[in-house]
Amino acid sequence: MNEAAAALPADDAVAETDWQRLHPATLLLAIVKLGPRSVNFLPALAAIGIAGKWIYVVPALGLFLLLSLVFAWLAWLRFRFAVGADEIVIESGVLARQHRTIPFDRIQDVSIEQGLVARALGIATVGFETGAGGGKKDDARLDAIGLGAAQALRATIRAHRGTAVPVIATGAGGGAEAAAPATEDRLLFAMSPKRLLVAGLFNFSLAALAVVGAAMQLFDNVLPFDFNIFNPLDWIDIAEQYGLDQWVVAHRWVAGVGAAISLLFIGFASGIAMTFLANWDFRLTREPRALRRTRGLTTRTDVALPVRRVQAAIIVTGWLRRRFGWHELRLQSLASDGEKEKDHQVVPFGRLGEIDAVLAEIGIARPGADRPWAHSHRIVALGGFVGAGIAALGSVIALAVGQPTGWIPLAIAPLIAAGAWISAHFHGWAEVGEMVAIRSGWIKPKTTLLPFASVQSVDLATDFILRPLGLATLRFGVPGGSALGSHEIPAIPLDIAKALRARILGERGAA
């Protein structure tokens, strides 16, 4: 790691009076976490039961919970930290002690996160990112300190990296004696409850239906009856038992409409619920050196995106969303949100004007409406045609062996081919100053804005299909990685690809 770390005695580095402990509510959080952790102990309990020693199951579970609580108490007792004038020192470990010193200058981001229980207790988890965590979300963290203390600590580190201000004293109980940000933050984007509701309607999801179906499958052997609410035959059987079979047969279209309405209701309700949970009170603010995003209903997250670490901007939308003028903005950055979210979602659901305001803060601009786009060769649709051909061939084989459902792939094959041909028209690119814009997709359009300065490598690839046509594909190596795939311009003339690569690498050399 880049931060200075040394196994020095605690008294040599920090005065004993400067050490602080985590909030005592850490122990309560440990109790809450025992529920999910107990699942890992179930195989051992099952083995005890299979061996016929049922009398030991409850004592074994009790011993496991007791030892877990004792270890959590020891971990809390042995964890301490100190905030100095220009560094934070953390000591941890029950059996093996670790002493870590992190200079403020090495800290690139201080994230604050609150779960549902933590919000009720007024505490938060603070994570420190130095860029040397080997892909981890945080290089160091304080699991539970007062929310006021967490905000004061973040302000101290930010002020130290900006203009010098007095150090802010923080206490484990959440008190903050002083907090003086360098400059006032500016609100760039926010989502009202009305905006969240509209976004949820476009976020149609059948996740709830899948959960209910999986639960019924899981407890199928436990229930005293054999009935599946998603199986129409079970409903018909019940109707026959009560003499309603003729009515059901005569009005099956009513059942079909009712099922469709139920699916739509579940889908829209799930989408709205997930949108409210993830993006409640969404706020994006501009700080002196970063964009800060706060959001979440049950789990409140507070993360910063240093402007200098932004590598690319990605604008995504949907076929229907685009018709109504709604888009999403993600920023690819060296400071990722961890494995769950590689790109920072800074505008989940907004208009292009709102997105342009955020892009202006990081020095990136969308191509104008009058900007001409160069298009990839239609050979990019070849993959879709091959897939359609394989589906048609499989359909013919299925029909030949007497499978009556074999006609389904045959009917879908033309749709696959047509979709690939139409999608090929949307593969395009444009060079805008010292930036290249790449767009693709029909059902889910995506536009990537890639500054030359962010490109670490440019690979020119060709194969036995592209080479005879004089075409090549440019693939751009950009640090940070993107959850939306790699950045490339497929199937463009070879001479144009070489010239563009030379200009990008030339700008990199000049920089």
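Going by the structure above, here's the rest.
Residues numbered from 1 in each chain as written. Predicted model: local features only at pLDDT ≥ 70, side-chain atom pairs only at ≥ 80, totals over all residues. Heavy atoms only, no water.

Evaluation of the coordinates by the stated rule reveals two cavities of 30 Å³ or more. Estimates place the volume of the second largest cavity at around 40 Å³. Along the walls of the second largest cavity sit L284, L291, R293, V303, A304, L305, H344 and V346, which together make up its complete lining. It is strand β10 (residues 300-306) that provides the largest number of residues to the lining of the second largest cavity, a total of three residues. Class assignment of the residues belonging to the lining of the second largest cavity gives a composition of six nonpolar, one polar and one charged. (1 Å grid on protein atoms, 1.4 Å probe; cavity = no way out; pocket = protein on both sides within 12 Å on 5 of 7 lines; lining within 4 Å. Points joined across faces, edges and corners; volume = space filled by probe spheres on them. Helix = DSSP H or I, 4+ residues; strand = E, 2+ residues; numbered from the N terminus. Nonpolar A, V, L, I, M, F, W, Y, C, P; charged D, E, K, R; others polar.)

Between its terminal C-alpha atoms helix α14 (residues 382-400) stretches 27 Å, which fits the 27 Å expected from 19 residues at 1.5 Å a residue. Taken residue by residue, α14 has G384, A388, A391 and S395 as its buried positions. Here the buried residues of α14 occupy an arc of 60 degrees about the axis, which is enough to place them on one side. Along α14, the residues that are exposed and aim more than 90 degrees away from the buried face are G383, I390, L393 and A400. For α14, the secondary structure elements touched by its buried residues are α15 (407-424). Directly after α14, the chain includes G402, whose backbone phi takes a positive value near 90 degrees. (Expected span 1.5 Å × (residues − 1). Buried < 20%, exposed > 50% of the residue type's maximum accessible area, 1.4 Å probe, protein only. Arc of directions from axis to C-beta. Contact = heavy atoms within 4.5 Å.)

Turning our eyes to something else, we now look at the sheet that holds strand β4 (residues 109-114). The antiparallel open sheet is built from seven strands, whose spatial order is β6-β5-β4-β10-β9-β8-β7. The sheet is open, and its two borders are formed by β6 (140-146) and β7 (186-190), each paired with just one other strand. With direction set aside, neighbouring strand axes in the sheet form an average angle of 20 degrees. Sheet analysis places β4 next to strand β5 (residues 123-129), joined by five bridges and oriented antiparallel. Each residue of the ladder has a partner; that of D109, found in β5, is E129. Contacts between helix α13 (residues 352-361) and the sheet are confined to β7, β8 (283-286) and β9 (290-295), with β7 contributing the most and set at about 140 degrees to the helix. (Pairing = 2+ DSSP bridges. Axes fitted to C-alpha atoms, helices over the stretch in contact; angles between N-to-C directions.)

This paragraph deals with the nonpolar core. In this structure, L291, L329, L331 and L359 are the most contacted members of the largest nonpolar core, which totals 27 residues. For this core, the secondary-structure elements that each account for two or more residues are β7, α7 (193-202), β11 (310-316), β12 (327-333), β13 (344-350), α13 and β16 (435-440). The contact partners of L291, leaving out residues within four places of it in the chain, are L188, L284, T285, R286, V303, A304, L305, V307, L331, V358, E361 and I362. Listed in part, the 22 residues of the second largest apolar core include F81, I102, I107 and A150. (Core = buried A, V, L, I, M, F, W, Y, C linked by side-chain atoms within 4.5 Å.)

With that settled, consider α15. Taking 1.5 Å as the rise per residue, α15 with 18 residues should run 26 Å; its terminal C-alpha atoms sit 27 Å apart, in good agreement. For α15, the complete set of buried residues consists of A413, A417, G419, A420, S423 and A424. Those residues of α15 that are buried are in contact with α14.

Turning our eyes to something else, we now look at the environment of A483. Note on placement: A483 falls in the loop between β19 (471-477) and β20 (487-493). Overall, the relative accessible area of 53% leaves A483 in the exposed class. With 140 residues separating them in the primary sequence, A483 and D343 have C-alpha atoms 6.3 Å apart. Each residue touching A483, except ones within four places of it in the same chain, is listed here: K342 and D343.

Everything listed here is a matter of coordinates, which is why it stays silent on function.
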